[in-house]
Amino acid sequence: MQPDTKPTNDQKESEIDLGVFLNLVGKLFSSIATAVGSFFSFLFQLILSIFIFIKRKIAWLVAGLLAGLSLGLYFYFKEGPVYYSDVVVRSGLGSSRPLYNTIDYFNALIGDDRIKELTDVFDITETDSRKLIGFEISPIDDELETVKLYKDFISDYNRNNPINDTQRIVINYADFRNNLTGVNYPLQRIRVYSHSPEIYRSIQTGLVKNLEQNKDLITLQDKFRNVLKEEEALLSRSLIGLDSLRIAYNKSIAQGNAKGEGGNVVMGSNNKNFSNPEIELYDKEMQLKDAITGIRNKLIEQQSTFRITSDINKRGVKVSGYNQRFFRYGWVGLLISFFLVLLIECYRFLDKMDKKQSPKYPEPDK
């Protein structure tokens, strides 16, 4: 007797479901392939249309480019080439913001043609003042300076935070660095553009003079230095008291009034609560000395609100030919001509569409 090999109803339904599923998957992949193909076809047609449009209007585009270059060359030969020079400034007391405001003030004077004020600020002639183009300021993103900022932030936070160490919120270095802005960096690069290569020494002198006359910063600097001096005096008194304590302790040991364990170091001891008063006093003394050294360094750094760390070059560096302003005029002329012909073509297209959609009525008999 042969076994019954006919498929059951469950097997038939399973095969039907599998076939339907595979059919749906095939249609899905086919739809995706069709969509991707349509997208690339549209993209190709768009790029092709742009090139055809440029080919048809190449004369107008070249004319706009030449017009811009001609205007740029006219100003280039009239005003001369562009030069630049850099000066690096270290700011303190959070004074980077006034530094940025001062640069904006200089640029406003140049933009408004305030020649008399520029002459007074930088102590240069009116002719040289007219040759000033503008100022740029940008932070120097130096990794070592960022690490110093993070160290100062953590030390100030740990010193001023009254919360227990186990409950302190720890800010990691990556988050701290990502939240820094340009004004947070102490080193700032100031770049001056001018048509004259000979005026940069006067520019640096005027810049420093203007910054040092900021009364708010001067007041803030005096208050900050007074706080540092008071802190230095407090740490110095603590260091003297620590020396007196150590002398008294050594005298007590010499007289036999202290336990002998305090003057010996036990090697390999399993007692975790073991402490050596002499070592603790020495560590505390070194911590106080390091703190005093740090405060004295800050006092030296804060002798002025701004400090020039890299002087400006006496003679400016000529900007490369590609970055000269007449090339910018050429690009501007090309873009203007492109948008003009594009607007004209759009107007013609809309005009044709308007004529097609307008109803045509026979003219009335006269």
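Residues numbered from 1 in each chain as written. Predicted model: local features only at pLDDT ≥ 70, side-chain atom pairs only at ≥ 80, totals over all residues. Heavy atoms only, no water.

**Quick look at the packing of helix α4 (residues 115-122) against helix α8 (residues 200-212)**
Two measures define how a pair of helices packs: the angle their axes make with one another and the distance between the axes.
Phase 1: Axis separation between α4 and α8 bottoms out at 7 Å; the angle between their running directions is 85 degrees. As the angle between them shows, α4 and α8 are arranged roughly perpendicular. Where α4 approaches α8, its residues Asp120, Val121 and Phe122 are matched on the opposing element by Ser202, Ile203, Gly206, Leu207, Lys209 and Asn210. (Axes fitted to C-alpha atoms, helices over the stretch in contact; angles between N-to-C directions. Helix = DSSP H or I, 4+ residues; strand = E, 2+ residues; numbered from the N terminus. Parallel < 35°, antiparallel > 145°, perpendicular 65-115°, else oblique. Contact = heavy atoms within 4.5 Å.)

**Quick word on α8**
Phase 1: Taking 1.5 Å as the rise per residue, α8 with 13 residues should run 18 Å; its terminal C-alpha atoms sit 18 Å apart, in good agreement.
Phase 2: All buried positions along α8 are accounted for by Tyr200, Ile203, Gln204, Gly206, Leu207 and Leu211. For α8, the buried positions fall inside an angular range of 165 degrees around the axis, keeping them on one side.
Phase 3: At its buried positions, α8 is contacted by β1 (83-91), α3 (96-111), α4, β2 (132-139), β3 (187-194) and β4 (306-310). (Expected span 1.5 Å × (residues − 1). Buried < 20%, exposed > 50% of the residue type's maximum accessible area, 1.4 Å probe, protein only. Arc of directions from axis to C-beta.)

**Details of the pattern of salt bridges**
Phase 1: Inspection of the entire model under this criterion finds nine salt bridges.
Phase 2: Here Arg348 makes a salt bridge to Glu345, at a shortest N to O gap of 3.5 Å. Of the two residues, Arg348 and Glu345 are both situated in helix α11 (residues 325-357); the distance of three residues between them amounts to about one turn of the helix.
Phase 3: Judged by relative accessible area, Arg348 falls into the partly exposed class, the value being 48%.
Phase 4: Look at Glu345 and you get partly exposed, because its relative accessible area is 25%.
Phase 5: Salt bridges sharing common partners tie together Lys57, Glu345 and Arg348. (Salt bridge = Lys/Arg side-chain N within 4 Å of Asp/Glu carboxyl O.)

**A few points about α4**
Phase 1: Along α4, the residues that are buried comprise Ile115, Leu118, Thr119, Val121 and Phe122. Taken down its axis, α4 places every buried residue within 165 degrees of arc, on the same side.
Phase 2: Packing partners of the buried residues in α4 comprise α3, α5 (126-130), β2 and α8.
Phase 3: Positive backbone phi, approximately 55 degrees, marks Asp123, located one or two places after α4.

**Details of the packing of aromatic side chains**
For any pair of aromatic rings, the description rests on two quantities: the centre-to-centre distance and the angle between the ring planes.
Phase 1: Within the structure shown, the criterion is met by 10 aromatic pairs.
Phase 2: Measuring from ring centre to ring centre gives 5.9 Å for Tyr105 and Phe106, while their planes differ by 45 degrees; the resulting arrangement is tilted.
Phase 3: The class of Phe106 is buried, set by a relative accessible area of 0%.
Phase 4: These aromatic residues form a ring-pair network of at least three members: Tyr105, Phe106, Phe122 and Phe135. (Phe/Tyr/Trp six-rings, centres within 6.5 Å; stacked < 30°, edge-to-face > 60°.)

**Remarks on the nonpolar core**
Phase 1: Membership of the largest hydrophobic core comes to 26 residues, with the highest contact counts inside it found for Phe122, Leu132, Phe135, Ile190 and Ile203.
Phase 2: Elements with a minimum of two residues in this core: β1, α3, α4, β2, β3 and α8.
Phase 3: Sort the elements by how many residues they give to this core and α3 lands first, with six residues.
Phase 4: Residues in contact with Leu132, not counting those within four places in the same chain, are Ile110, Leu118, Phe122, Ile124, Val192, Tyr193, Ser194, Ile199 and Ile203.
Phase 5: Leu242, Leu281, Ile295 and Leu299 belong to the second largest nonpolar core, which has nine residues in total. (Core = buried A, V, L, I, M, F, W, Y, C linked by side-chain atoms within 4.5 Å.)

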